[in-house]
Amino acid sequence: MDLRIIIERNIPFIEGVLDNLAHVEYLTADEINAAAMHNADALICRTRTRCDASLLDGSQCSFIATATIGTDHIDLDYCQRRGITVANAPGCNAPAVAQYVFASLAKVINRPICDCTIGIVGVGHVGKIVEQWSRKLGMQVFLCDPPRAEVECTNNFVSLEEIAHNCDIITFHTPLTSTGKHATHHICSDDFLNNVARKPIIINCARGGIFDTHAVIKALDAGKIANVIVDCWEEEPQLNPTLLGKAIIATPHIAGYSREGKIRATAMALEALAKHFNLTIPNVAQDIATGAANNVTLQSISDSYNPLIDTQALKSNPLDFEALRNNYNYRNEVVEID
């Protein structure tokens, strides 16, 4: 019982799992500070915990797991210098995010979805499912993923300019990066939006910083884009009230909040912890599907989730952004149809 682990309290399906193996303290994100981490050997957190020198200097922590896909809240360079192992949960909630995309589209498009052209920017875990379901639904698909295009050297990918020119729906599924050749911060910018040709619907359920919020508002006001669907916001939990008011679907960063996705994320965090500390950890919960349903219809997706309910909740009480996230009633993912 010498091992000391700090766990963010709002991570689901984890309470009690480690209590017989270590000294465990469950804290809110606000309570995870340098004092709390001083004697901790490990941290399991979510995106609200900034893991950097201000949190970890002087700590004996050697392991961090985030029960999320993204790691932009973790200073990876700092952790590498300090010898801190970092684990995340890639793909854990990808089926849920794809569910969010198409459930949202089902509520807002005013023509058969098979008549629409979709541009998918970022074709990783989520983007691949969005691509698969788009083709299943008869849509014309354009894929943009410059890092993959460089490595794979195929004709499967197009440029952002081609996405802007050709697509009725544009959905972003990239990580958030601010440096490097293919930085994604403000990838949905004035330059990009000035090039759109078909008055598209724009979707951000990736990271808030993908959108240049003021550019998106300006494009809406100018009639360059038809609608925006926003789950991830710049500066969240503070929301831009203008974008909140204009977004046809606006939700509190819950696109990936399925029961199955949360179980996968927690299980992946615990598996990484077990490997690092050579522990045997009990199962988190009953077995779940390892990935997304292959056989779906727009109706089956729409029946599985209604984003308008979450939109009404957020628009009615924008100051409750964090409470809406932390108390979310996790939905079930789309099931396979016969």
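What you are looking at is a predicted structure, and each value in this text was computed from that prediction instead of being measured. Position numbers for residues start from 1 in each chain and track the written sequence from start to end. The predicted nature of this model means local features are confined to residues of pLDDT at least 70 and side-chain atom pairs, given and counted, to a pLDDT of 80 or more, with totals for whole chains, interfaces and linings taken over all residues. As a rule here, side-chain values cover all heavy atoms of the structure and leave hydrogens and water aside.

Enquirer: Help me get a handle on the environment of Pro318, residues and values and all.
Expert: Working definition: helices are DSSP H or I runs of at least four residues, strands are E runs of at least two. Numbering for both runs from the N terminus. Relative to the helices and strands, Pro318 resides in the loop between α13 (307-316) and α14 (321-326). Relative accessibility decides the category of a residue: with a 1.4 Å probe and only protein chains considered, values under 20% of the type maximum give buried, values over 50% give exposed, and everything between is partly exposed. Residue class for Pro318 comes out partly exposed when judged on its relative accessible area of 30%. Between the C-alpha atom of Pro318 and that of Asp115, which follows or precedes it by 203 residues, the distance is 35 Å. What Pro318 contacts, discounting residues up to four positions off in sequence, is Leu239 and Leu244. In what follows, residue pairs with any heavy atoms lying within 4.5 Å of each other are defined as contacts.

Enquirer: With reference to specific residues and values, describe the sheet that holds strand β4 (residues 63-66).
Expert: Pairing between the strands of a sheet comes from backbone hydrogen bonds, and it takes one of two forms, parallel or antiparallel. The rule for pairing is simple: two strands pair if DSSP sees at least two bridges between them. One open sheet accounts for five strands, arranged β2-β1-β3-β4-β5; its pairing is parallel. The open sheet has two edge strands with one neighbour each: β2 (23-27) and β5 (85-87). Each neighbouring strand pair of the sheet contributes to a mean axis angle of 15°, computed without reference to strand direction. Where β4 and β5 come together, three bridges link them in parallel fashion. Paired with Phe63 across the two strands is Thr85, which belongs to β5. To obtain each axis, a line is fitted to C-alpha atoms, and for helices this fit is confined to the stretch in contact; angles are then taken between N-to-C directions over 0 to 180 degrees. The strands that helix α11 (residues 259-277) touches are β1 (4-8), β3 (42-45), β4 and β5; relative to β4, the one it contacts most, it runs at about 165°.

Enquirer: Can you break down the packing of helix α4 (residues 94-108) against helix α5 (residues 125-136) residue by residue, with the values?
Expert: As a packed pair, α4 and α5 sit with axes 8 Å apart at the nearest point and diverge in direction by 50°. With respect to their mutual orientation, α4 and α5 come out oblique. Classified by chirality, the crossing of α5 by α4 is right-handed. Facing α4, whose interface residues are Ala94, Pro95, Val97, Ala98, Gln99 and Phe102, α5 presents His125, Val126, Ile129, Val130, Trp133 and Ser134. Broken down by class, the residue content of the contact of α4 with α5 amounts to nine nonpolar, three polar and no charged. These descriptions rest on fixed angle ranges, namely under 35 degrees for roughly parallel, over 145 for roughly antiparallel, 65 to 115 for roughly perpendicular, and the rest for oblique. Definitions for this section: a left-handed crossing has its near helix turned counterclockwise from the far helix by less than a right angle. A right-handed crossing has that turn clockwise. Each residue receives one of three labels: charged for Asp, Glu, Lys and Arg, nonpolar for Ala, Val, Leu, Ile, Met, Phe, Trp, Tyr, Cys and Pro, and polar for the others, Gly being one of them.

Enquirer: Mind laying out the sheet that holds strand β7 (residues 140-144), listing which residues take part and the relevant values?
Expert: Taking strand neighbours across the sheet as the criterion, the six strands line up as β7-β6-β8-β9-β10-β11 in an open arrangement whose pairing is parallel. Strands at the two margins of the open sheet, each flanked by one partner only, are β7 and β11 (249-250). Examined bridge by bridge, strand β10 (residues 227-230) and β11 share two bridges and lie parallel to one another. Counterpart to Val230 in the pairing with β11 is Ala250.

Enquirer: Account for α11, naming residues and giving values.
Expert: For α11, which comprises 19 residues, the first-to-last C-alpha distance of 27 Å matches the rise-based estimate of 27 Å (1.5 Å per residue) to within 8%. Once α11 ends, the next one or two residues include Asn278, with phi positive near 55°. Take the number of residues in a helix, subtract one, and multiply by 1.5 Å to get its expected span.

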